[in-house]
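# Overview (structure and organization)
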Amino acid sequence: MIIDIIGDIHGYADKLVGLLTQLGYRHNGQYFVPPAGHRALFIGDLIDRGSQQLTTLEIVFAMLDADVADAVMGNHEYNALAFATLDPNNPQEYLRSHNETHTRQHEAFLAEVPFGSESHRYWLERLYEIPLWLETDYACFVHACWDVDSMAVLAPLLTADNCLTPKGLIVTAQEHSENFEALERVLKGVETPLPDGMVMVDKEGTERTRVRVRWWLEGLNERTLYEVARAPSSALAQIPADALAENINFALKTDKPVFVGHYWLTGTPEPLSPQVACTDYSAAVDSGYLTGYQLDTEQPLPLKASNFVQYRHDEDPVIQS
């Protein structure tokens, strides 16, 4: 079987339709039917940013309901649940605060699914149905990082299918707790502190004293921080060349290929390492391309750049003579 692993859509339904069509999926009036021997898998971040939030959700969940696709949760789905849930420890506040930054990040979704509406309640319930990760005989699928130690921390808070529960949402939203840190690892990736006194400003304008790292690299603690940091070039330029990456507590504990999204890559798609591939190539900006990876379950390794497929929405179609 071929698993068509589809990257972060972020409400760009037109790009999703384009990629599915390019991959040979055909709509039967109810859902997109895969070609014989294919199945789709959505790697998370279905929502936020784009102008076609509902259409995206309707396409994806119609395929999930028809059992022709699977999905894992992204940090934006998690954030949507936390944004809508009051904190029982502080009933005047939500688990994800409604500050200016968080509201701006979520405004495209709420523009189509008004806060507190029947539609809002319905889609929140559907988001709970998406597991945090999937593992099969041939591969591992997670939005940001395959960290089995963090998964072990989270497992008691989840259903048997690794889906978040309302209680699990509340517990993992408590900052600086073990559960919070485990959830952050799985849905946002591995971070390490910046050198003392250093602050980076991310793409949302938020100041950060920690930086995400390329956890898929070998010898993380034997490299410089510049080598392992995953940040915009303008931010990387601020890191001292001799600053070491130290005390990064992470090891990839599987021999299977691992597929992620989340990382806003650009350029020509290729595996991140011999074992890890990312399908997020910044589809949430006009210049980005919705990207998939076609995984042959009979031969999952080696990972190949030729297995990536991109919907090049900005190119004129080639007319065959």
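For every chain, the first residue of the written sequence is number 1, and numbering continues from 1 onward in sequence order. Under the rules for a predicted model, residues below a pLDDT of 70 receive no local features and side-chain atom pairs below 80 are neither given nor counted, while totals for whole chains, interfaces and linings still include all residues. Side-chain measures were taken over the full set of non-hydrogen atoms in the model, leaving aside hydrogen atoms and water.

## With respect to the packing of helix H2 (residues 53-65) against helix H5 (residues 118-127)
The condition is simple: Axis angles are defined between N-to-C directions and span 0 to 180 degrees, where every axis is a line fitted to C-alpha atoms and, for a helix, only to the segment in contact. Each helix corresponds to a stretch of at least 4 residues labelled H or I by DSSP, and each strand to a stretch of at least 2 residues labelled E; elements are numbered beginning at the N terminus. Here is the rule for angles: anything less than 35 degrees is roughly parallel, anything more than 145 is roughly antiparallel, 65 through 115 is roughly perpendicular, and the remaining ranges are oblique. For any pair of crossing helices, the crossing counts as left-handed if the nearer helix is rotated counterclockwise from the farther one by less than a right angle, and right-handed if it is rotated clockwise. Two residues form a contact once any of their heavy atoms are found within 4.5 Å. Lys, Arg, Asp and Glu make up the charged group, whereas Ala, Val, Leu, Ile, Met, Phe, Trp, Tyr, Cys and Pro make up the nonpolar group; the residues left over, Gly among them, are polar.
Contact pair H2 / H5: the axes reach a minimum separation of 12 Å and the direction vectors enclose 45°. Our classification of the angle between H2 and H5 gives oblique. Crossing hand, H2 versus H5: left-handed. Within the contact between the two elements, H2 uses Leu 54, Leu 57, Glu 58, Phe 61 and Asp 65 and H5 uses Ser 119, Trp 123, Arg 126 and Leu 127. Of the residues in the contact of H2 with H5, the class split is five nonpolar, one polar and three charged.

## Considerations on the sheet that holds strand E1 (residues 2-6)
Applicable threshold: Think of it this way: DSSP has to see at least two bridges between two strands before they count as a pair.
Strands sit in the order E5-E4-E1-E16-E17 across an open sheet of five strands; the sheet is mixed. Edge strands, defined here as strands with exactly one partner in the open sheet, are strand E5 (69-71) and strand E17 (308-311). Across the sheet, the mean angle from the axis of one strand to that of its neighbour is 25°, orientation sign disregarded. Bridging between strand E4 (residues 38-42) and E5 involves three bridges; their strand directions are parallel. Within the sheet, the bridge partner assigned to Ala 40 lies in E5 and is Ala 69. Sheet strands touched by helix H1 (residues 13-22): E1, E4, strand E16 (290-296) and E17. Its angle to E17, the strand with the most contacts, is close to 130°. The sheet contacts of H2 involve E4 and E5, and relative to E5 the element is tilted by about 115°.

## Some points on the confidence of the model for the chain
Filter applied, for reference: pLDDT expresses, on a scale from 0 to 100, how confident the predictor is about each individual residue.
On average, residues of the chain carry a pLDDT of 93, and 97% of them reach 70 or more. Ranking the elements of the chain by mean pLDDT puts strand E11 (residues 200-201) last with 74 and E4 first with 99. Predicted confidence is poor over residues 316-321, with pLDDT under 50, and the contacts of this stretch with residues over four places away or in other chains come to zero contacts.

## Structural notes on the pattern of salt bridges
The test is simple: Salt bridges are identified by distance alone: a Lys or Arg side-chain nitrogen within 4 Å of an Asp or Glu carboxyl oxygen. Only protein chains enter the calculation, and the probe is 1.4 Å; a residue is then buried if its accessible area is under 20% of its type maximum, exposed if over 50%, and partly exposed in between.
The tally for this structure, following the rule as stated, stands at ten salt bridges. Between Asp 149 and Lys 253 there is a salt bridge, and its shortest N-O distance comes to 2.9 Å. Residue Asp 149 is located in helix H6 (residues 148-154), and its partner Lys 253 is located in the loop between helix H10 (233-236) and strand E14 (258-260); the two are separated by 104 residues in the primary sequence. The residue Arg 223 makes a salt bridge to Glu 227 at a minimum N-O spacing of 3.7 Å. Judged by relative accessible area, which is 26%, Arg 223 ranks as partly exposed. Taking relative accessible area as the criterion, Glu 227 reaches 37% and is therefore assigned partly exposed. Linked through salt bridges whose partners overlap, the residues forming this network are Arg 39, Asp 67 and Asp 70.

## Here's the deal with the pairing of E4
Along a regular strand, successive side chains alternate from one face of the sheet to the other. What counts here: A clockwise path from the first strand over the helix to the second, with the strands pointing away from the viewer, defines a right-handed crossover.
Among the five residues in E4, five count as buried, and that is most of the element. Neither face of E4 is exposed, since His 38, Ala 40 and Phe 42 on one face and Arg 39 and Leu 41 on the opposite face are all buried. When E1 meets E4, the two strands line up parallel, connected through five bridges. Within the sheet, the bridge partner assigned to Ile 6 lies in E4 and is Phe 42. Assessed by its sense of winding, the connection that carries the chain from E4 through H2 to E5 is right-handed.

## Some remarks on the layout of surface pockets
Note the cut-off: Here the term cavity refers to a set of points on a 1 Å grid, laid over the protein atoms alone, in which a 1.4 Å probe fits but cannot get out; the term pocket refers to an open set having protein on both sides within 12 Å along at least five of seven lines, with lining residues being those that place an atom within 4 Å of a point. Grid points are joined across faces, edges and corners, and a volume is the space filled by probe spheres set on the points.
Here the second largest pocket is characterised by a volume of approximately 240 Å³. Each residue belonging to the lining of the second largest pocket can be placed in one class, and the counts come to nine nonpolar, three polar and one charged.

## Considering the nonpolar core
Applicable threshold: Here, nonpolar core means buried Ala, Val, Leu, Ile, Met, Phe, Trp, Tyr and Cys residues that are tied together by side-chain atoms lying within 4.5 Å of each other.
With 83 residues, the main nonpolar core has Phe 42, Met 63 and Trp 215 as its most contacted residues. When near neighbours in sequence (up to four residues on either side) are disregarded, Trp 215 contacts Ala 144, Cys 145, Trp 146, Val 190, Leu 220, Phe 250, Leu 252, Val 258, Val 260, Tyr 263 and Val 276. Listed in part, the 13 residues of the second largest apolar core include Ile 43, Val 72, Phe 141 and Phe 259.

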